[in-house]
Amino acid sequence: MQFTQNLFCPVKNPFLSNHLMIKYFRESCVNITNVFSSRIGQMKEKGGFQMEKIVLGSTGIHATRSGFGALPVQRLSKEEAARLLRRAYDSGINFFDTANAYTDSEEKIGMALADVRRNLFIATKTGSSTPDEFWKHLELSLTRMKTDYIDIYQFHNPAKMPSDEMMSCMIKAKAQGMIRHIGVTAHRLDTALTEIESGAFETMQFPLSALSSEDDLNLVRLCKEKNMGVIGMKGLAGGLLTSAAPSMAFLRRFDNLVPIWGIQRDSELDEVLELEKNPPVLDEAMMARIEKDRKDLAGDFCRGCGYCLPCPAGIPINNAARMPQLLRRSPYAPYMTDEWAEQMERIENCIGCRACARRCPYQLDTPALLKASLADYRQFRAEHLGK
């Protein structure tokens, strides 16, 4: 390999310091690893399939049509998470999304992908509200992921348009090369539209699935007009859609949108990869399936995002509030245990603080949902178990 010939040569330069020798040696090892990884990836693609890519707006990032949402890997051991992340990369996925707030998710990305960093794109987030916090979050993310830059750094679901002071931090970080593009995430349509119209961001991350309304889809179209990339979260509506196919077919119409699929199992990664090999078609049968899902999930429902947690009464709100849907849209037996019954009964211990409702990005009346969910659960369990 030509690039290795002049990396370091103590014969030509006998005064080369040990520090520089070590530095150059490490860099050469990383470069060699990246070349081999890239070649192996190319061979795999030739032997199988090459995943379709799109350009993510003005960022110029060529991202695979399916991205890896790394929130769920928090629930895995470090070794298992690293194995799954690496398998996703080796299978062709080149876009990974995480956040400072996702406990050890960033660290696991660093474990799995540091040696192939230049071959992929990482988006992460900061929930900072002060400049000091911003820089601490950024340094921590870089350290955890073993990288010297972040491809897309996103403000994490701010309640309103970030202040000029906070935007200045983003601009400075970009000028210093610590981040390459500035993004934002939102759960509320009005907030998202304000942020898009500001012209301050290169990407918008927003909940998008087969259940998305026409207003939601108009947001994607507006981003297209503004040359903004769109990152779609909640593709399975917080787990209430039981297959990725409807959302993939529904969202694939937009060439500025990358859905990130929350993955924590090989079977979930297998499903995404298979759908990428054979993209689902948005035909009449698929639309009929989508309309049925929309009818079943009409009205207010919990997406299971977990922003409501922790609960002072110990209620597992993100699952308890959507229990009626979980019981009817997935195998219900796991929720019929005495352990789950005890967790659901904790709803009776609600202290009425309404912290969950204030934190909910979808403005749901969470306490009311919980009470209705408990009543439904008791009836469902009695009918199926006689208890």
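No experiment lies behind these values; they were computed from the predicted model shown.

Undergrad: Would you mind going over the overall build of the protein chain with me for this structure?
TA: Within the protein chain, the secondary structure is distributed over 15 helices and ten strands. By residue count, 49% of the 387 residues in the protein chain fall in the buried class. In the protein chain, once contacts between residues fewer than 6 apart in sequence are set aside, the share between residues at least 24 apart is 75%. When the accessible surface of the protein chain is totalled, it reaches about 18600 Å², and 53% of it is carbon and sulfur.

Undergrad: Is there a simple way to explain the confidence of the model for the protein chain in this structure?
TA: Any segment with low pLDDT has predicted coordinates that should not be analysed in fine detail. When pLDDT is averaged along the protein chain, the result is 87, and 87% of the positions lie at 70 or above. In this model, residues 1–47 is a region of pLDDT below 50 whose contacts with residues beyond four sequence positions or in other chains number 32 contacts.

Undergrad: I'm lost on the environment of Leu 297 in this one. Help?
TA: Positionally, Leu 297 belongs in the loop between helix 10 (284–296) and helix 11 (317–320). For the pair Leu 297 and Leu 211, spaced 86 residues apart in sequence, the C-alpha separation works out to 8.6 Å. With near-sequence residues (within four places) excluded, Leu 297 lies in contact with Leu 211, Leu 240, Leu 241, Gln 325 and Arg 329.

Undergrad: For this particular structure, what's the right way to read the pairing of strand 7 (residues 179–185)?
TA: Working note: regular strand, side chains alternate between the two faces of the sheet. Here strand 7 lies mainly inside the structure; six of its seven residues are buried. Looking at chain direction, strand 6 (residues 150–155) and strand 7 are connected through five bridges and run parallel. Each residue of the ladder has a partner; that of Ile 150, found in strand 7, is Ile 179. One ladder, built from three bridges, connects strand 7 with strand 8 (residues 203–207); its direction is parallel. Each bridged residue has a counterpart across the sheet, and for Thr 185 the counterpart in strand 8 is Gln 205.

Undergrad: Whenever I open this one, the packing of aromatic side chains confuses me. Can you help?
TA: The geometry of two aromatic rings is summed up by the distance between their centres and the angle between their planes. Taken as a whole and judged by the stated rule, the model has seven aromatic pairs. Between Phe 155 and Phe 201, the aromatic rings sit 6.5 Å apart at their centres with planes inclined by 90°, giving edge-to-face as the arrangement. With Phe 155 in strand 6 and Phe 201 in the loop between helix 6 (189–198) and strand 8, the pair connects residues that are 46 residues apart, well separated along the chain. Summarising the burial analysis for this pair, Phe 155 and Phe 201 share the class buried. Their ring planes at 65° and their centres at 5.5 Å tell us that Tyr 335 and Trp 340 sit as a pair that is edge-to-face. The same class applies to Tyr 335 as to Trp 340, namely buried. Of the aromatic side chains, those joined through ring pairs into one cluster are Phe 134, Trp 135, Tyr 153, Phe 155 and Phe 201.

Undergrad: How should helix 4 (residues 131–144) be read in this particular structure?
TA: The α-helix winds at 3.6 residues per turn, so residues separated by three or four positions along the chain end up facing the same way. Over its 14 residues, helix 4 runs 20 Å from end to end, which matches the ideal 20 Å to within 8%, given 1.5 Å per residue. Within helix 4 the residues assigned to the buried category are Phe 134, His 137, Leu 138, Ser 141 and Leu 142. Down the axis of helix 4, the smallest arc covering the buried residues is 130°, so these residues share one side. Relative to its buried face, helix 4 has exposed residues pointing more than 90 degrees away, namely Asp 132, Lys 136 and Thr 143. In this structure, the buried side of helix 4 is in contact with helix 3 (105–113), strand 5 (121–126), strand 6, helix 5 (164–175) and strand 7. Residue Lys 146 follows helix 4 closely and has a positive phi angle near 55°.

Undergrad: Got a minute to help me understand the layout of surface pockets in this structure?
TA: With a probe scaled to a water molecule rolled over the atoms, the places where space remains empty come into view. Each pocket or cavity is described by its volume, and for the largest pocket that value is around 1600 Å³. Every residue lining the largest pocket is counted, 50 residues in all, and those nearest its centre are Pro 72, Arg 75, Gly 238, Gly 239 and Gly 262. Among the elements of the structure, strand 10 (257–262), helix 9 (266–277), helix 11 and helix 12 (323–329) are those that each provide at least two residues to the lining of the largest pocket. Counting residues per element, the lining of the largest pocket draws most heavily on helix 9, at four residues.

Undergrad: Before we go on, may I ask you to explain the packing of helix 6 against helix 7 (residues 214–225) in this structure?
TA: To describe two helices that pack against each other, one gives the angle between their axes and the distance between the axes. Where helix 6 contacts helix 7, the two axes come as close as 11 Å, and the packing angle between them is 10°. The orientation of helix 6 relative to helix 7 falls into the category roughly parallel. Contact residues: helix 6 offers Leu 189, Ala 192, Leu 193, Ile 196 and Glu 197, while helix 7 offers Asp 215, Asp 216, Leu 219, Leu 222 and Cys 223. Classifying every residue of the contact of helix 6 with helix 7 by side-chain character gives seven nonpolar, no polar and three charged.

Undergrad: Just to check I follow, could you spell out the sheet that holds strand 5 for this structure?
TA: Think of a sheet as strands paired side by side through backbone hydrogen bonds, with each pair either parallel or antiparallel. Ordered by their spatial adjacency, eight strands build a closed barrel running 3-4-5-6-7-8-9-10, and the pairing between neighbours is parallel. Averaged over all pairs of adjacent strands, the angle between strand axes in this sheet comes to 25°, irrespective of strand direction. Inspection of the sheet shows strand 8 paired to strand 9 (residues 229–233) by five bridges, in the parallel sense. Opposite Gln 205, over in strand 9, you have Ile 231 as the bridge partner. In the packing of helix 7 onto the sheet, the strands contacted are strand 8 and strand 9, and the crossing angle to strand 8 comes to about 170°.

Undergrad: Before we go on, may I ask you to explain the side chain of Gln 325 in this structure?
TA: Its place among the elements puts Gln 325 in helix 12. Once residues lying within four places of it in the same chain are set aside, the contact partners of Gln 325 are Leu 240, Leu 297 and Phe 301.

Undergrad: Would you mind going over the nonpolar core with me for this structure?
TA: A general trend in soluble globular proteins is that nonpolar side chains are found buried together. Within the largest apolar cluster, 94 residues are counted, with the highest numbers of intra-cluster contacts made by Phe 68, Phe 96, Phe 134, Leu 138 and Met 204. With sequence-adjacent residues up to four places away left out, Phe 96 is seen in contact with Phe 68, Leu 85, Ala 88, Tyr 89, Leu 113, Leu 120, Phe 121, Ile 122 and Ala 123. Counting eleven residues, the second-largest nonpolar core is a separate cluster that includes Ala 63, Ala 123, Ile 231 and Val 258.

Basis of the calculations
- Residues numbered from 1 in each chain as written.
- Predicted model: local features only at pLDDT ≥ 70, side-chain atom pairs only at ≥ 80, totals over all residues.
- Heavy atoms only, no water.
- Helix = DSSP H or I, 4+ residues; strand = E, 2+ residues; numbered from the N terminus.
- Buried < 20%, exposed > 50% of the residue type's maximum accessible area, 1.4 Å probe, protein only.
- Contact = heavy atoms within 4.5 Å.
- Areas by Shrake-Rupley, 256 points an atom, 1.4 Å probe, with all protein chains shown as cover.
- pLDDT = per-residue confidence, 0-100.
- Pairing = 2+ DSSP bridges.
- Phe/Tyr/Trp six-rings, centres within 6.5 Å; stacked < 30°, edge-to-face > 60°.
- Expected span 1.5 Å × (residues − 1).
- Arc of directions from axis to C-beta.
- 1 Å grid on protein atoms, 1.4 Å probe; cavity = no way out; pocket = protein on both sides within 12 Å on 5 of 7 lines; lining within 4 Å.
- Points joined across faces, edges and corners; volume = space filled by probe spheres on them.
- Axes fitted to C-alpha atoms, helices over the stretch in contact; angles between N-to-C directions.
- Parallel < 35°, antiparallel > 145°, perpendicular 65-115°, else oblique.
- Nonpolar A, V, L, I, M, F, W, Y, C, P; charged D, E, K, R; others polar.
- Core = buried A, V, L, I, M, F, W, Y, C linked by side-chain atoms within 4.5 Å.

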